[in-house]
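Given next are the chains, with one letter for each unit.
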Amino acid sequence: MDAKIINSLISAVKSTFKMVLKVEPNVSKPSISKGIEPKYPIVTVIGFNGDIDGNLIYSFNKNTAIKVVSTMMGMPYENLDELALSALGELGNMTSGSIAMELEKVGYKVDITPPTVITGKDIQVTAEGVILKLPLNIFSEGDFEVHMVIRGGGK
């Protein structure tokens, strides 16, 4: 996988989370994965297409999700209701938009799709392509993961 893509992903995630969540995420070492096994019961999926095609899959635990929503809403939040899930989708949307802008800077033009937020135990996500796994520490150790699946594209 092109290092420019990996660096764009890391840069966009860091800058978006710093701006939106007021935290500097600690990014663990990215790795190529054979599959997508979301570690947590809350998943946001956003597609992208253009010079490269694929998906961005964001997964986080309930405690992190509640902290994210509370920060985004500017007030304490305790439940993951429809409004909270919408906020989590919007975080995925903002992050994916930032990734698209970073990719364009290095020669990959992509458009993103609207977010889909999924909750539940034992979520299974399948996708074909090269899967890059990026573990993050936002509020606690390993509380957030990003998977970037690249299927190819016109470039």
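Criteria and cut-off values
Residues numbered from 1 in each chain as written. Predicted model: local features only at pLDDT ≥ 70, side-chain atom pairs only at ≥ 80, totals over all residues. Heavy atoms only, no water. Helix = DSSP H or I, 4+ residues; strand = E, 2+ residues; numbered from the N terminus. Buried < 20%, exposed > 50% of the residue type's maximum accessible area, 1.4 Å probe, protein only. Core = buried A, V, L, I, M, F, W, Y, C linked by side-chain atoms within 4.5 Å. Contact = heavy atoms within 4.5 Å. Pairing = 2+ DSSP bridges. Phe/Tyr/Trp six-rings, centres within 6.5 Å; stacked < 30°, edge-to-face > 60°.

Draft legend 1. Representation of unusual backbone geometry. In this model, Lys-22 sits at a positive phi of 60°, which is unusual for a non-glycine residue. Assignment of secondary structure puts Lys-22 in the loop between helix H1 (3-21) and strand E1 (26-27). Overall, Lys-22 belongs to the exposed group, its relative accessible area being 65%. Phi is positive for Asp-122, which is not a glycine, with a value near 55°.

Draft legend 2. Expanded view of the nonpolar core. Formed by 39 residues in total, the largest nonpolar core has its most connected members in Leu-9, Ile-99 and Met-148. Those elements that provide at least two residues to this core are H1, strand E3 (42-50), strand E4 (53-60), helix H2 (62-73), helix H3 (82-105), strand E7 (130-137) and strand E8 (144-152). Top element by residues in this core is H1. It accounts for 9 residues. Excluding its chain neighbours within four sequence positions, the residues that come into contact with Ile-99 are Leu-9, Ala-12, Val-13, Leu-56, Tyr-58 and Met-148.

Draft legend 3. Quick look at the pairing of E8. Extensive coverage of E8 is indicated by the burial of 7 of its 9 residues. Where E4 meets E8, 8 bridges bridge the pair, whose relative direction is antiparallel. The residue of E8 that forms the bridge with Gly-54 is Ile-150. Looking at chain direction, E7 and E8 are connected through 7 bridges and run antiparallel. Bridge pairing in E8 links Val-130 to Ile-150. The turn linking E7 back onto E8 is made up of 6 residues, and Gly-142 within it adopts a positive phi angle of 60°.

Draft legend 4. Summary view of the packing of aromatic side chains. Throughout the structure, instances matching the rule amount to 3 aromatic pairs. Where Phe-17 meets Phe-144, the ring centres are 5.2 Å apart and the plane angle is 90°; that geometry is what we call edge-to-face. With a gap of 127 residues between them, Phe-17 in helix H1 and Phe-144 in strand E8 connect regions that are remote in the sequence. Judged by its relative accessible area of 0%, Phe-17 falls in the buried class.

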